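So the chains spell out like this:
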Amino acid sequence: NTARRTYDDGETRQDTELATGLTFRTPDINEAGFDAGVDLRYSRYTSLDRPDRVSLYDGYAGVRFGQQGEFRVRAGHMWLPDLGTAGALAGGLFEYRQAPAPSGGVRFMAGAFSGAEPLVYDTGYASNVRKYGGYAGLQRGFMQRHVVGYTSVQQAGMTERSLLTFTNYIPGPSGFFLYQAAEVDLKGPA
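Now for a look at the structure at hand. Keep in mind that what you see is a predicted model, and the values were worked out from it rather than measured.

## Some words on the overall build of the protein chain
Item 1. If you tally the helices and strands in the protein chain, you get 0 helices and 11 strands.
Item 2. Its helices and strands in sequence order give the protein chain the pattern β-β-β-β-β-β-β-β-β-β-β, from N to C terminus.
Item 3. On the principal axes, the C-alpha backbone points of the protein chain span a range of 70 × 50 × 30 Å.
Item 4. Classification of the 190 residues of the protein chain by burial places 32% in the buried group.
Item 5. Pairs at least 24 apart in sequence give 39% of the contacts found in the protein chain among residues at least 6 apart.
Item 6. In the structure as shown, the protein chain presents an accessible area of about 11,400 Å², 58% of it carried by carbon and sulfur atoms.
Item 7. The averaged location of the 20 negative side-chain charges in the protein chain is 4 Å from the averaged location of its 19 positive side-chain charges.

## Focus on the nonpolar core
One recurring pattern in soluble globular proteins is that nonpolar side chains are buried together.
Item 1. By size, the foremost hydrophobic cluster in this structure holds 10 residues: Tyr60, Met78, Leu80, Leu83, Leu89, Leu93, Met109, Phe113, Tyr135 and Val147.
Item 2. Residue assignment for this core shows that the elements contributing at least two residues are strand E6 (88-97) and strand E7 (106-118).
Item 3. If we ignore the near neighbours within four places in the chain, the residues touching Leu89 are Gly76, His77, Met78, Leu80, Phe113, Ser114, Gly115, Ala116, Pro118 and Lys131.

## Some words on the sheet that holds strand E11 (residues 177-187)
Item 1. Read across the open sheet, the 11 strands follow the order E1-E2-E3-E4-E5-E6-E7-E8-E9-E10-E11; overall the sheet is antiparallel. The open sheet is flanked by strand E1 (2-6) and E11, the only strands paired with a single partner. Within the sheet, the average angular offset between the axes of one strand and its neighbour, ignoring direction, is 15°.
Item 2. With 12 bridges joining them, E7 and strand E8 (residues 125-140) adopt antiparallel strand pairing. Bridge assignment links Phe113 to a residue of E8, and that residue is Gly133.

About the criteria used
- Residues numbered from 1 in each chain as written.
- Predicted model: local features only at pLDDT ≥ 70, side-chain atom pairs only at ≥ 80, totals over all residues.
- Heavy atoms only, no water.
- Helix = DSSP H or I, 4+ residues; strand = E, 2+ residues; numbered from the N terminus.
- Buried < 20%, exposed > 50% of the residue type's maximum accessible area, 1.4 Å probe, protein only.
- Contact = heavy atoms within 4.5 Å.
- Areas by Shrake-Rupley, 256 points an atom, 1.4 Å probe, with all protein chains shown as cover.
- Lys, Arg positive; Asp, Glu negative; His and termini not counted.
- Charge placed at Lys NZ, Arg CZ, Asp CG, Glu CD.
- Core = buried A, V, L, I, M, F, W, Y, C linked by side-chain atoms within 4.5 Å.
- Pairing = 2+ DSSP bridges.
- Axes fitted to C-alpha atoms, helices over the stretch in contact; angles between N-to-C directions.

Following this line, the structure appears as C-alpha cells:
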C-alpha cells in the first residue's frame, strides 16, 4: 500500500506499508479431533515515524470430543466473531454444539469463555483487564446462524463494560445474504 501526499506548502510525502499475513485453521468438521488455528499479521512502514506492527488474531489449540465432536475446548488467542467487538480473547473456551440433524435441521450451540483482553494491533495484553461470558445460538446448515452473547469486561476488579450481542446471518438465493449485528450495553464504558 503506497500513498503520496502533496501539502499546501509544497512538501511531498510518500508512505509505503508492506503487510503480510499467515492464516491456518484445521477444518471445522463434525467429529472428534484436534482443533487449531493461526491468524498472524505483520506490517512495516518505510517511514521512520511509524512503528512496525505484529497482530495475533488467532493462535489457539484445542480438541473436539464426543461421538460427533459435540464438545470443543480451546486455549490461546481467539477471535469469536459472533460476539462482535467483544470477541477478542486470550484465554479458554468451552463449547457444546448439537450433533447435526439428518435432514439439515436446526442445531443448538452454546459456549462459555474467560481470559484476558489481547491487544489486537500489537502483541501483549491489556493491563489488569479480564473478560468472561457466554453465548447461545441456532444454526442451520453451514451458513445460517442466530447468536445471542453476553460479555463482561473487568478492569482491576471493576466492571468496565457489560454487553449483550446479537448476530444473525441469513443466506438467500443467488449469492444474496443478510448479516445483522447489534451490541447493547448493559453497563456502558466506565
